[in-house]
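Next come the chains, spelled out residue by residue.
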Amino acid sequence: MSASLRARVLPDYGAMSAAAADLVTAKLRERPHAVFMVPTGTTPLGMYRRLVARHEEDGLSFALATFFNLDEYMGLPPDHPASYHVYMRENFYGRVDVDPGKVHVPDGFAPDPEADCGRYEKEIRAAGGVDLCVLGIGRNGHVGFNEPGASFGSRTRVVRLAESTRRVNAADFEGGRAPERAISVGMRTISDSREVLLLASGANKAGAVAAAVGGGVSEEVPASALRHHPNVSFLLDRGAASGLGGSMTEGRPA
Ligand code: PGA
């Protein structure tokens with residue numbers, strides 16, 4: 001494990017989600033104008049639920065913060081039920097006090113997607129760069145939609161989804177067919193973030209987590225790029241940590 005990579009193993013999904021919500025809340029309290037990069041998928045749902053509850057019950061405000069999403073499918077209008085625009089509206093942006101002018105989701109329906117990717121990178125730079133990037137991880141080690149083989153130097157661009165990813169995500173689509181392409185921020189875009197937090201839950205992520213944390217650093221395992229990052233934490237539940245053998249103990253690296 002790299003010296004800078006911190007990993008915490010929490011007993012279950014709820015504890016992992018609470019720890020993630022705590023870290024986002026702490027960042028926001030320390031820096032109300034913080035710039036966040038945020039994920040979709042099933043893993044962060046518990047974190048978003050807790051952040052919404054803190055907004056409703058404790059008045060936690062997101063109004064000054066800026067948000068960039070990691071990715072979006074290509075070819076889906078922003079009101080498509082499987083789009084990440086809808087996911088974010090239903091699970092987070094539509095339920096807290098974000099400033100719509102400070103919320104950015106890649107436009108999978110843009111007439112000129114490549115130009116739009118360049119614009120997205122410019123917006124990230126104009127916001128001052130990302131303070132905290134929250135990631136999930138795919139079973140194949142992808143982060144965002146940076147699939148195995150993605151260059152560690154990549155920026156926001158149009159990507160082709162791995163067949164395995166399309167199979168995992170097929171259930172979200174009528175007819176069971178996920179889009180073939182997506183827009184994803186790049187590996188360099190992620191690595192440029194000042195702090196990175198990766199969430200993983202469940203035994204079906206154990207292989208990817210073990211490869212990212214304990215294997216070689218390789219573009220075949222996109223998440224392994226994080227081992228070069230100076231400020232990265234993995235929050236894992238027991239299932240996701242089950243491939244790490246004796247290298248981890250509850251709550252902290254051994
Ligand atoms: P999941 O997706 O949270 O739905 O497992 C994570 C990912 O593919 O990055």
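Above this text is the structure in question.
Residues numbered from 1 in each chain as written. Predicted model: local features only at pLDDT ≥ 70, side-chain atom pairs only at ≥ 80, totals over all residues. Heavy atoms only, no water.

A separate point is helix α2 (residues 45-58). Note that an α-helix has 3.6 residues per turn; residues three or four places apart therefore point the same way. Relative to the 20 Å expected for 14 residues at 1.5 Å per residue, α2 spans 19 Å between its end C-alpha atoms, a close match to the ideal helical length. Those residues of α2 that sit buried are G46, M47, Y48, L51, V52, R54 and H55. On its buried face, α2 sits against α1 (13-30), β2 (35-38), α3 (84-91), β6 (132-135) and β9 (195-200). Where α2 ends, the next residue or the one after it, G59, has phi of about 75 degrees, a positive value. (Helix = DSSP H or I, 4+ residues; strand = E, 2+ residues; numbered from the N terminus. Expected span 1.5 Å × (residues − 1). Buried < 20%, exposed > 50% of the residue type's maximum accessible area, 1.4 Å probe, protein only. Contact = heavy atoms within 4.5 Å.)

Moving on: the nonpolar core. In this structure, F36, M47, F62, F67 and F92 are the most contacted members of the largest nonpolar core, which totals 40 residues. Of all elements in the fold, only α1, β2, α2, α3, β6 and β9 reach the threshold of two or more residues within this core. Among the elements that line this core, the one with the most residues is α1, at six residues. Once residues lying within four places of it in the same chain are set aside, the contact partners of F36 are V24, K27, L28, A65, T66, F67, F68, V130 and L132. (Core = buried A, V, L, I, M, F, W, Y, C linked by side-chain atoms within 4.5 Å.)

This part covers the site of the ligand. Neighbouring the ligand are the residues G41, T42, T43, G136, I137, G138, H142 and K205. Between the ligand and the protein, one listed contact pairs an oxygen atom with a backbone N or O atom of T42 at 2.9 Å. With respect to the ligand, the side chain of T43 contributes an N or O atom lying 2.5 Å from an oxygen atom. Alone, the ligand offers 280 Å² of accessible surface; in the complex the protein occludes 76% of this. Within the shell around the ligand, the residues separate by chemical class into one nonpolar, six polar and one charged. (Near = heavy atom within 4 Å. Polar contact = N/O pair within 3.5 Å; in protein donor to acceptor, adjacent residues only side chain to side chain. Areas by Shrake-Rupley, 256 points an atom, 1.4 Å probe, with all protein chains shown as cover. Nonpolar A, V, L, I, M, F, W, Y, C, P; charged D, E, K, R; others polar.)

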